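# Understanding the architecture of this molecule
The lines below spell out each chain.
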Amino acid sequence: MDNNGNFVSHRLKVTQLHDLASITPGRKGFITISSEFSVPRQLQYRELGLFIGKTQIAAKVYLNGVELEQIGIMPPDAFSPGTNTHAISISRDLIKNDQRNRIDIMIWVDGVGGVSGIPYIGLQDDVQKEEKIRSFYMSELTLLFAGIMFLVGLYYLILFFTQRKNKPFLYFGLMNLTTMLFILPFFIGEFPWLMGFMNLNSFKKLFEGIMGVLTSFFAVSFFRASINAAYNRKYFALRAIVLGISIVSIIIIPDSVTYYEKHYLIFTVISMQVIFLIPPIIKHWKEKKWSFIKYILPFIPTYIAISIDFIIMERYVTLIVPLFTVYGWALTDVVFLIVLACRYAAIQNRMDELNSELESKVEQRTKELEAANMELAYKNHQAEQDLELAVHMQQEFYKNSNAFLGWDVAVHFQPMSGVSGDLYDFYAMDGKLRGFGLFDVSGHGISSGLVTMLAKNAIFHEFRASLPLELSQAIIKVNDAIIRVKGEIDNYMTGILCRIDRDDSSKLELVNAGCPYPILKKLNSEVVKFIEPDPDKEQYGMLGLKHLDLKCQTIPVTLDDGDCIILFTDGLNEAVDKNGEEYGKERILESIKNTSGTAQEILNSIIADYNRFVEGGQIKDDLTVVVVQRASHFEEAVGELEELE
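Residues numbered from 1 in each chain as written. Predicted model: local features only at pLDDT ≥ 70, side-chain atom pairs only at ≥ 80, totals over all residues. Heavy atoms only, no water.

A tally of regular secondary structure across the protein chain gives 17 helices and 19 strands. Relative to a compact globule of 645 residues, whose C-alpha radius of gyration would be 26 Å, the protein chain shows 53 Å and is clearly more extended. If one aligns the C-alpha atoms of the protein chain with their principal axes, the spans along those axes are about 170 × 55 × 45 Å. Counting only residues that meet the buried cut, the protein chain has 45% of its 645 residues in that class. (Helix = DSSP H or I, 4+ residues; strand = E, 2+ residues; numbered from the N terminus. Rg over C-alpha atoms; globule rule 2.2 N^0.38 Å. Buried < 20%, exposed > 50% of the residue type's maximum accessible area, 1.4 Å probe, protein only.)

This is the structure:
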């Protein structure tokens, strides 16, 4: 029927049967192909059948004006039966054995339409046999491939979720699932209940178009991931943009006629993804990494199948053959599956080898560790013995008498870890106390304790030799001696050195090289204060540093009967409680204000308050506190001593 509603007849060539849309106005509408035949004598009164090849989009078949069968779904909900062939049984009652018979096939054309091959009438058994053979490789074999791809796709997606770093598994799984959906239109006739579940144009766009583009995208992603092509976010974004444009271009196609007119564009956008294979291939070629070849070879069956389909569509249009590209791609997929299986097997074998090697290495390493542990235990035992010896030596080192005529002395000496880096000493000459000192070596443990033992005699020697000098000069001599005796040991020292006047024991002078300020406590008043240097005079430096200058002020101190001076290392003022709060100098002053009595009683009170504060906290430094108290009636005691002498 033309555009004016008139019926138009054409004499068709068999080569035109596959593309009836080309002779249909607007490529859409009904077209009927008719043929008359006489039944040969040898076939008369026998069961006959009509064989029809793949039919698009839908058709009704008539014999002598009687409808035999409908193929697919006719408008308004037209739907194609896929690539199935058809064998239609013909009742003997409808056959005119002695007259001409007429076969009419009314076909619905919408952008595409026609019949592949040449319909013919033959014995029903022969027709059905051929239909089964043709349907097997036209449709059922494709269904089998789709089922395999579905299972393979799920399998590799599950593998990926157990091994998320193996990206080829993800892309191969997705590629199989989208391929399965892409070839759904070829075997949908095997599931008649699926036909017509959606608009035919939308069906074609979704499964042939969009799924084709996605399959191409995942195939390229699989290839790039398999050859370890470097991931580039911008490059991936460009691929995603091309994919998005392709999908949108397919979605906006308005109808089936336009879809088939633009059909070549769909294959063009599918092929565009292949462009993204070129850069990594060139890179691997230049770097002579030939492993990429095994991922190119599987595409060969697809390229061959595409070439065969092109030749058939151009030269052998009457053949009833499947779309070989589907089989070519299925074979490509199978080869990829084999490659991945070999790769997975190689990885598994390597893992088994590594596990075997690991077991032997673990066994060997265990033996080595046992030997090392035994050696370490021996060395630890030696170290413990050495530490015990060092502790014993240091304790013996400080077993000097703290009893001096006219003076009451008390000391609290508490190492943090066995050996202390604190050093205290009293300097007596001719039976009289002439001075005392407190020093703190940097660091902790044996190395600091070693420095204290090296420095003790050197300090005393320089103290005695420097009696004629100003105390500020004497401390410099002491510093030189410390540098000399400790050699290249890195530890430095802070310290306080006090000297008692030879003629008047109430007069003291001291120098402070970096230690916390000592405290003066007066007996008959509430005066408790830090002994600080004059802020207007220079004061800097520490002991034991070769290239650092030292300058200390000489600070005079007067002690009346019962007064005392308290020296301490920073293990006291910098101690912290369980909440991280610092003990602090002000708390020390408050603690000393509330004390009285002998030097030992004052010291006990200070340490008791300290222990209450740090209970539950972490001790991080050595602690030494020295209390030196001028005894009451000092002059009388000295006079008695002189009388006895």
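Moving on from the model shown.
Of the pairings in the sheet, the one linking strand β4 (residues 58-63) to strand β7 (residues 101-110) comprises six bridges and is antiparallel in character. By the bridge assignment, K60 is partnered in β7 with M106. One ladder, built from five bridges, connects β4 with strand β5 (residues 66-71); its direction is antiparallel. Bridge assignment links V61 to a residue of β5, and that residue is E69. The loop that links β4 with its antiparallel partner β5 comprises two residues; one of these, N64, has a positive phi angle of about 50 degrees. (Pairing = 2+ DSSP bridges.)

Our focus in this paragraph is the sheet that holds strand β18 (residues 564-568). Strand pairing in a sheet is mediated by backbone hydrogen bonds. Such pairs are either parallel or antiparallel. Taken together, the five strands give an open sheet; going across it, the order is β10-β19-β18-β15-β16, and neighbouring strands pair in antiparallel fashion. Each end of this open sheet is capped by a strand with a single partner; those strands are β10 (407-414) and β16 (528-530). This sheet shows a mean twist of 15 degrees between the axes of neighbouring strands, independent of strand direction. Bridge count between β18 and strand β19 (residues 623-630): five bridges; the pairing is antiparallel. (Axes fitted to C-alpha atoms, helices over the stretch in contact; angles between N-to-C directions.)

On to the packing of helix α4 (residues 200-226) against helix α7 (residues 263-272), then. Two elements in contact, α4 and α7, have axes separated by 9 Å at closest approach and are oriented at 20 degrees. In terms of axis orientation, α4 runs roughly parallel to α7. In this structure, α4 crosses over α7, and the sense of that crossing is right-handed. Residues E208, G209, G212, V213 and S216 of α4 form the contact with α7, whose participating residues are H263, I266, V269 and I270. Broken down by class, the residue content of the contact of α4 with α7 amounts to four nonpolar, four polar and one charged. (Parallel < 35°, antiparallel > 145°, perpendicular 65-115°, else oblique. Left-handed = near helix turned anticlockwise from the far one by under 90°. Contact = heavy atoms within 4.5 Å. Nonpolar A, V, L, I, M, F, W, Y, C, P; charged D, E, K, R; others polar.)

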